[in-house]
Structure formats: structure tokens, C-alpha cells
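Structure assessment
Letter by letter, the chains look like this.
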Amino acid sequence: MEDQIAEAVVKKLEDRNLLASAAKTSKLPKRLLKPSEAAAILGCTSRQVHNLIADKKLPVVRWGDEGRPYIDIHDLDRAIQQHKIDAA
């Protein structure tokens, strides 16, 4: 029983170290996007993304001292899903 607990603890520590290491080498996918990056994904201009933000059609995260808008990739995916039209 003690060996199983020890192995579980070692596994958790290894997982945490791998996650920390991946974060340092930026192998984790980006979660917050600049409007220009969101525009590239959507295939539109940055101005159109800013318009979606202004019209409250795309939520933003204000992060940092300057309060610049960032788009959560999950919100971007949700917006894409909501605007899909079934092919007839």
C-alpha cells in the first residue's frame, strides 16, 4: 500500500515538472490571443475583430496594466460554433 502511495506521489510530481517544463519552453498552446491573432484564425481583419468586441459579440479578457483586449481561444471557438450554418 505504501509503495502504491509513493508511486502515485512520484507520478504527480513528475507530471507537475513536465507541465512546468513545457510552460517554460512554450510547448503549451496559447490560451489568450491578440485581436490580430484572432483575426488570422477567423480569416478577417483586426478591425473586424475589434468591431465584434465593440458590439459585444466576442467577449474579451483585459489583462495587464494597459488593459489591452485578449480573446480567450475557447470563446473564439464558441463564437465559431454559434455561427455555423447546416448545409442543406
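Summary of the structure given here. (Residues numbered from 1 in each chain as written. Predicted model: local features only at pLDDT ≥ 70, side-chain atom pairs only at ≥ 80, totals over all residues. Heavy atoms only, no water.)

**What to know about the nonpolar core**
In plain terms, the rule: By convention a nonpolar core is built from buried Ala, Val, Leu, Ile, Met, Phe, Trp, Tyr and Cys residues, the set being connected through side-chain atoms within 4.5 Å. Working definition: with a 1.4 Å probe on protein chains only, accessible area under 20% of the residue-type maximum means buried, over 50% means exposed, and in between means partly exposed. A run of H or I in DSSP becomes a helix once it reaches four residues, and a run of E becomes a strand once it reaches two; helices and strands are each numbered from the N terminus.
Grouped together as the largest cluster of nonpolar side chains are 10 residues: Leu33, Ala38, Ala39, Val49, Ile53, Leu58, Ile71, Ile73, Leu76 and Ala79. Counting only elements with at least two residues in this core, the list comes to helix 2 (35-42), helix 3 (46-54) and helix 4 (73-82).

**Some words on the sheet that holds strand 3 (residues 68-72)**
Adjacent strands of a sheet pair through backbone hydrogen bonds, lying either parallel or antiparallel. Spelled out, the test is: In this scheme, strands are said to pair when DSSP sees at least two bridges between them.
Judged by pairing direction, the sheet is antiparallel, and its three strands sit side by side in the order 1-3-2 without closing on themselves. The sheet is open, and its two borders are formed by strand 1 (32-33) and strand 2 (61-63), each paired with just one other strand. Of the strand pairs in this sheet, strand 2 and strand 3 are connected by three bridges, and their pairing is antiparallel. Across the sheet, the residue bridging to Val61 is Tyr70, located in strand 3.

**Focus: the pattern of salt bridges**
Oppositely charged side chains can pair when the atoms bearing their charge come close. Definition in use: For salt bridges, the criterion is a side-chain nitrogen of Lys or Arg within 4 Å of an Asp or Glu carboxyl oxygen.
Per the counting criterion, the structure on display carries four salt bridges. With its nearest N and O atoms 2.9 Å apart, the salt bridge here joins Asp72 to Arg31. Of this pair, Asp72 sits in strand 3 while Arg31 sits in the loop between helix 1 (2-24) and strand 1, and the two are 41 residues apart along the sequence. Judged by its relative accessible area of 46%, Arg31 falls in the partly exposed class.

**Some details on the packing of helix 2 against helix 4**
Filter applied, for reference: Here, axes are lines fitted to C-alpha atoms. For helices the fit covers the stretch in contact, and angles between N-to-C directions go from 0 to 180 degrees. Note: crossing handedness is left-handed where the near helix turns anticlockwise from the far helix by less than a right angle, and right-handed where it turns clockwise. Whether two residues are in contact is decided by their heavy atoms: any pair within 4.5 Å suffices.
The interhelical angle for the contact between helix 2 and helix 4, taken along N-to-C directions, is 35 degrees, at an axis separation of 12 Å. Helix-helix and strand crossings are classified by hand; for helix 2 and helix 4 the assignment is right-handed. Counting all contacts with helix 2, which are made through Ala38, Ile41 and Leu42, the residues of helix 4 involved are Ile73, Leu76 and Ile80.

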